Amino acid sequence: EMQREIAIFCQKQIGNWKQPEARQVLGEPTRHRPAYDEKQAVNGTIYAFADPSGRYRELELDFDRKTGTLRSVFVYPLRLTWQDCRRIWSGSVTAADANRGRKFYSYSNRRLDVLVDPSGKVISLGWY
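Below: a short report on this structure. Just so it is clear, the model here is predicted, and its values are computed rather than measured.

Analysis parameters
- Residues numbered from 1 in each chain as written.
- Predicted model: local features only at pLDDT ≥ 70, side-chain atom pairs only at ≥ 80, totals over all residues.
- Heavy atoms only, no water.
- Pairing = 2+ DSSP bridges.
- Helix = DSSP H or I, 4+ residues; strand = E, 2+ residues; numbered from the N terminus.
- Axes fitted to C-alpha atoms, helices over the stretch in contact; angles between N-to-C directions.
- Contact = heavy atoms within 4.5 Å.
- Buried < 20%, exposed > 50% of the residue type's maximum accessible area, 1.4 Å probe, protein only.
- Polar contact = N/O pair within 3.5 Å; in protein donor to acceptor, adjacent residues only side chain to side chain.
- Arc of directions from axis to C-beta.

## Structural notes on the sheet that holds strand β2 (residues 42-49)
- One open sheet holds the eight strands; their spatial order is β1-β2-β3-β4-β8-β7-β6-β5, and the pairing between them is antiparallel. Strand pairing shows two members of the sheet lacking a second neighbour, β1 (31-36) and β5 (93-97), which therefore form its edges. Averaged over neighbouring strand pairs, the angle between their axes works out to 20° when direction is ignored.
- As judged from the six bridges shared by β1 and β2, these two strands associate in the antiparallel manner. Looking at β2, one finds that Tyr36 is bridged to Val42.
- Seen against the sheet, helix α2 (residues 19-26) touches β2 and β3 (56-64) and runs at an angle of roughly 10° to β2.

## Structural notes on the environment of Glu5
- Secondary-structure assignment places Glu5 in the segment before α1 (6-11).
- A relative accessible area of 15% places Glu5 in the buried class.
- Placed 50 residues apart in sequence, Glu5 and Arg55 show a C-alpha to C-alpha distance of 8.4 Å.
- Setting aside anything within four residues of it in sequence, one finds Glu5 in contact with Arg55 and Tyr56.
- A distance of 3.0 Å separates a polar side-chain atom of Glu5 from the backbone nitrogen of Ala7.
- Among the polar contacts made by the side chain of Glu5, one reaches the side chain of Tyr56 at a distance of 2.9 Å.

## Thoughts on α2
- Gln19, Ala22 and Leu26 are the residues of α2 that are buried. The buried residues of α2 occupy an angular sector of 60° when projected down its axis, which confines them to one face. Exposed and oriented more than 90 degrees from the buried face of α2 are Pro20 and Gln24.
- Those residues of α2 hidden inside the fold are in contact with α1, β2 and β3.
- Looking one or two places after α2, you find Gly27, whose phi comes out positive at around 90°.

Put into structure tokens, the structure is as follows:
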């Protein structure tokens, strides 16, 4: 399953994995950074991993500071457009403007957010 779609595989680990399990499956992270809440307080750590499937530039896994469990997964596609997303995933979507002319789309029927550049290219997919 991991080779078929690493992002969905990791999404299924939300609430279950802790950082050691992610390392066991994905190897050593390439880097890490703090995760912040709406008030800019650190509430977790995001670890970046190389994608063993080669489908994405990288994966980022966000682990909660208090529980240590995985709470969200971000992937950075090599080639994906917003139109591709609409063909792959149906359902109602809300849109919000982001900085630098980007759009942030949230599906209401699934736990998926999509950040898109002004030309329609997907920057990142986020599952929570």
